[in-house]
Amino acid sequence: MRKNKIFSIVILLFLFLGCFYLSVFAGHDGFGVDLFLKSFQLNDRSEDAVILELIRYPRAIKAIVAGVCLALAGLFLQTVSKNPLAEPYITGISSGAGLGIVLSVLFFNSANYSFFGFLGAMVSSLLVISFAGFRKFSITKLILVGLSINIFVSALISMIILMNSEKSYSMLYILSGNLTENNLVSDKHLLLIFFVILLFSAFLIPKLNFLRLDEGMVFSSVKHKNMYSIFFIICSALLTSLSVLAAGILGFIGIIAPLISKMIVGQDFRYLFFVNIFLGASLILFADFLSRTLIYPMQIPLGLVVAFIGAPVFVFFLTKKGDILND
Amino acid sequence: MIDIKNLYLTFGDNIFFEDVELSLREHKINVILGPNGAGKTTILKILTGILKPDKVSEFGLISKKIFYLPQKISYPKGLDVEEYISSVFFKDSMVKWFLTKEEKNRLDDIINKLGLSHIKNLSMEKLSAGELQKTNIAIGLLSGAEVFFLDEPTSNMDLINQIKILDMIKKLTEQKEITAVVILHDLNLAESYGDYFIGITKEHKIFCKSKEGFFTKDMLKNIYGINFRITDDGERVYVRVDK
């Protein structure tokens, strides 16, 4: 059993490396083996090297950050709420981020919109979590408050889009999710924040091995089970906001990556952690590869590609191993 | 003896428990009996600290390590028995990636002791109701709890599994490992396994009695409001509803 799980992690690691390769080196003209070999040469100032350094690597890094963050955030929320439908955007983040993005397009002509999305995500999730209450916290309340805020703010977003028809195309395009450039937070800083949160999550994750027990069981030394839940929810809000900073709003990954990982490796969170982050990153890297190459030279918005490949992959796993999700 | 004295609980304007007194015998099976709505689960929730009473002057459980197992629980999917039971080791420390050797040994001991070793690598979905309940008891034991609160631990089980679980709880109390506080519905099972009895009436009055004091016509009528016929064959007492 244990060997199988480690084997799964290794396979997912290779899948991740494969998708990373595709995302960075492959293009419309092939699988880019020569590009890959050339990338090992130092001081290469050719056009290819510049493309790699300035465009491809940063894109791939953002894809990884977004994939890992969303997958982890989804895993936290699904476990804490014991609800397989829980997704990172439950806490009002998607609409908050959306509002931030739409407003930035409206007032700043879409410069640094992902940063405004990040701000909107942080504000709305804080709002939802505090409405759900820290002292008399309940996950049901959180989900319902999040739902209400999502609906309210979504209506607001639609209003803004409808009333500004000249900018509505760029708003809709950006809202579909893209690996983006922003000048306010450099890739280095993004990576730094990412590694800090990832490390933090890695330390915390085995605690979910205890939280997977029925919450009705009471142990005298565990008085504040809610505290852990709130902790994990805040953590997932941070992770999701970070993913907005990297890639805008990307639905679906946060639901399917944790669920598929569970189907692959079961519910030992120490193994699940690795399978989950590799899978989340792979899905987005692969989606990025497709979004660039599928109808070259046009780019399909990443969020749409994620939906196109995510849904079939998810249904495939459901038909094979969906039993594991039944109650 | 664990004593609870002067316990008051109100729901809004309704007084539920008024000046209630009860005591639990240590290393025994304490059975809570009573009709639906009397407050069996409520008293269990107070004893385990889930529900705060309005007032209580003496609460003997305060220094005890407890474990409460609710009547219905859900099981995480995709785990085998050993993994499920080991969940409890992640309870206390904030950061813990690996089980220590000592914890692994304790896990093996408990699995052997409860007779789960032949199914320890079986996935949880394949277990019977009785086997599932044993895994929960294993979790309680590994948590280091001294007092076990079990809300109808044998509901949904056939007679053989009921007896297996109760035998196991009995053995654990006799070995002085745990004190058990158990809600049961079957009076005859309660009579054969219980050592000490806490009866709750529909009016939320509580009676704590030994076996002899509890299985009398008057006492049972007091608690359930119907007549019982009690037969004593010298070895044990049988309870029947008197029609």
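Cut-offs used in this document
- Residues numbered from 1 in each chain as written.
- Chains lettered and ligands numbered in written order.
- Predicted model: local features only at pLDDT ≥ 70, side-chain atom pairs only at ≥ 80, totals over all residues.
- Heavy atoms only, no water.
- Helix = DSSP H or I, 4+ residues; strand = E, 2+ residues; numbered from the N terminus.
- Rg over C-alpha atoms; globule rule 2.2 N^0.38 Å.
- Buried < 20%, exposed > 50% of the residue type's maximum accessible area, 1.4 Å probe, protein only.
- Domains from an automatic or database assignment.
- Contact = heavy atoms within 4.5 Å.
- Buried area = accessible area lost by both parts, 1.4 Å probe.
- Salt bridge = Lys/Arg side-chain N within 4 Å of Asp/Glu carboxyl O.
- Polar contact = N/O pair within 3.5 Å; in protein donor to acceptor, adjacent residues only side chain to side chain.
- Axes fitted to C-alpha atoms, helices over the stretch in contact; angles between N-to-C directions.
- Parallel < 35°, antiparallel > 145°, perpendicular 65-115°, else oblique.
- Left-handed = near helix turned anticlockwise from the far one by under 90°.
- Nonpolar A, V, L, I, M, F, W, Y, C, P; charged D, E, K, R; others polar.
- Core = buried A, V, L, I, M, F, W, Y, C linked by side-chain atoms within 4.5 Å.
- Pairing = 2+ DSSP bridges.
- Right-handed = clockwise from strand over helix to strand, strands pointing away.

Concerning the overall build of chain B
Okay, so step 1: Across its full length, chain B carries 8 helices and 11 strands.
Okay, so step 2: Compactness check: chain B gives a C-alpha radius of gyration of 19 Å against a globular reference of 18 Å for 243 residues, within 12% of the reference.
Okay, so step 3: Overall, chain B is about 55 × 45 × 30 Å in size when its C-alpha atoms are taken along their principal axes.
Okay, so step 4: Looking at chain B residue by residue over its 243 residues, the buried ones come to 51%.

With respect to the domain arrangement of chain B
Residue and element names in this part refer to chain B.
Okay, so step 1: What the domain assignment reports for chain B is domain 1 (1-64 + 146-243) and domain 2 (73-144).
Okay, so step 2: With 14 residues of domain 1 in contact, the opposing surface of domain 2 contributes 10 residues.
Okay, so step 3: Together, the buried faces of domain 1 and domain 2 total about 1000 Å²; carbon and sulfur atoms form 72% of this surface.
Okay, so step 4: Considering only the side of domain 1, the residues that lose the most area to domain 2 are Phe148, Ile165 and Met168, jointly responsible for 40% of the buried surface there.
Okay, so step 5: Viewed at the interface, domain 2 and domain 1 are joined by 1 salt bridge.
Okay, so step 6: Linking glutamate 177 and lysine 113 is a salt bridge whose minimum nitrogen-to-oxygen distance equals 2.1 Å.
Okay, so step 7: Between domain 1 and domain 2 we count 2 residue pairs in polar contact (both at pLDDT 80 or more) in total.
Okay, so step 8: Of all elements in the fold, only β6 (147-151) and α5 (159-174) reach the threshold of two or more residues within the side of domain 1 that touches domain 2.
Okay, so step 9: No other element matches α5, which puts 5 residues into the side of domain 1 that touches domain 2.

A word on the packing of helix α1 (residues 2-25) of chain A against helix α12 (residues 269-293) of chain A
Residue and element names in this part refer to chain A.
Okay, so step 1: Direction vectors running N to C along α1 and α12 enclose 25°, while the axes themselves pass 8 Å from each other. Classified by the interaxial angle, the pair formed by α1 and α12 is roughly parallel. Crossing of α1 against α12: the hand is left-handed. Mapping the contact onto sequence places Arg2, Lys5, Ile6, Ile9, Leu12, Leu13, Leu15, Phe16, Cys19, Phe20, Leu22 and Ser23 in α1 and Tyr271, Phe274, Val275, Phe278, Leu279, Ala281, Ser282, Leu285, Phe286, Asp288, Phe289 and Arg292 in α12.
Okay, so step 2: Considered class by class, the residues forming the contact of α1 with α12 number 18 nonpolar, 2 polar and 4 charged.

So, the environment of Gly78(B)
Okay, so step 1: As for its position among the elements, Gly78(B) is in the loop between β5 (66-69) and α2 (81-86).
Okay, so step 2: Linking Gly78(B) and Met124(B), residues 46 residues apart in sequence, is a C-alpha distance of 7.4 Å.

Focus on the nonpolar core
A general trend in soluble globular proteins is that nonpolar side chains are found buried together.
Okay, so step 1: Leu72(A), Ile205(A), Met217(A), Leu250(A), Ile85(B), Ile137(B) and Ile139(B) are the most contacted members of the largest nonpolar core, which has 163 residues in total.
Okay, so step 2: Take this core: its biggest share by element is 16 residues, from helix α3 (residues 47-81) of chain A.
Okay, so step 3: Three or more residues apiece are contributed to this core by two domains, here domain 1 (1-64 + 146-243) and domain 2 (73-144) of chain B.
Okay, so step 4: Once you skip the residues sitting within four places of it in the chain, Ile137(B) turns out to touch Leu114(B), Phe148(B), Leu150(B), Met168(B), Ile169(B) and Leu172(B).
Okay, so step 5: Phe17(B), Leu24(B), Phe149(B) and Val181(B) belong to the second-largest nonpolar core, a separate cluster that totals 26 residues.

Here's the deal with the pairing of strand β7 (residues 179-183) of chain B
Residues and elements named next belong to chain B.
Okay, so step 1: In terms of burial, β7 is a largely internal element, 5 of the 5 residues being buried.
Okay, so step 2: Of the two faces of β7, the one carrying Thr179, Val181 and Ile183 and the one carrying Ala180 and Val182 are both buried.
Okay, so step 3: Where strand β3 (residues 29-33) meets β7, 4 bridges bridge the pair, whose relative direction is parallel. When the sheet's bridge partners are listed, isoleucine 29 is paired in β7 with alanine 180.
Okay, so step 4: Bridging between β6 and β7 involves 5 bridges; their strand directions are parallel. When the bridges of β7 are listed, aspartate 151 appears paired with isoleucine 183.
Okay, so step 5: A crossover connection joins β6 to the parallel β7 through α5; in handedness this β-α-β unit is right-handed.

So, the pairing of strand β2 (residues 14-24) of chain B
Residue and element names in this part refer to chain B.
Okay, so step 1: Here strand β1 (residues 2-11) runs beside β2; their pairing, made up of 7 bridges, is antiparallel. Its bridge partner being in β2, isoleucine 4 is matched across the sheet by leucine 22.
Okay, so step 2: Between β1 and β2, which pair antiparallel one after the other, the connecting turn spans 2 residues, and glycine 12 there sits at a positive phi close to 65°.

Examining the sheet that holds strand β8 (residues 196-200) of chain B
Remark on secondary structure: sheet strands pair via backbone hydrogen bonds, oriented parallel or antiparallel.
Okay, so step 1: As summarised here, the arrangement of the 7 strands in space is β1(A)-β5(B)-β6(B)-β7(B)-β3(B)-β8(B)-β9(B), forming an open sheet in which the pairing is mixed. The strands lining the two open edges of the sheet, one partner per strand, are β1 (218-219) of chain A together with β9 (206-210) of chain B.
Okay, so step 2: Along the sheet face, α5(B) touches β3, β6 and β7 of chain B and points at about 135° away from the line of β3(B).
Okay, so step 3: Lying on the sheet, helix α8 (residues 217-224) of chain B is in contact with β3, β8 and β9 of chain B; it crosses β9(B) at an angle near 150°.

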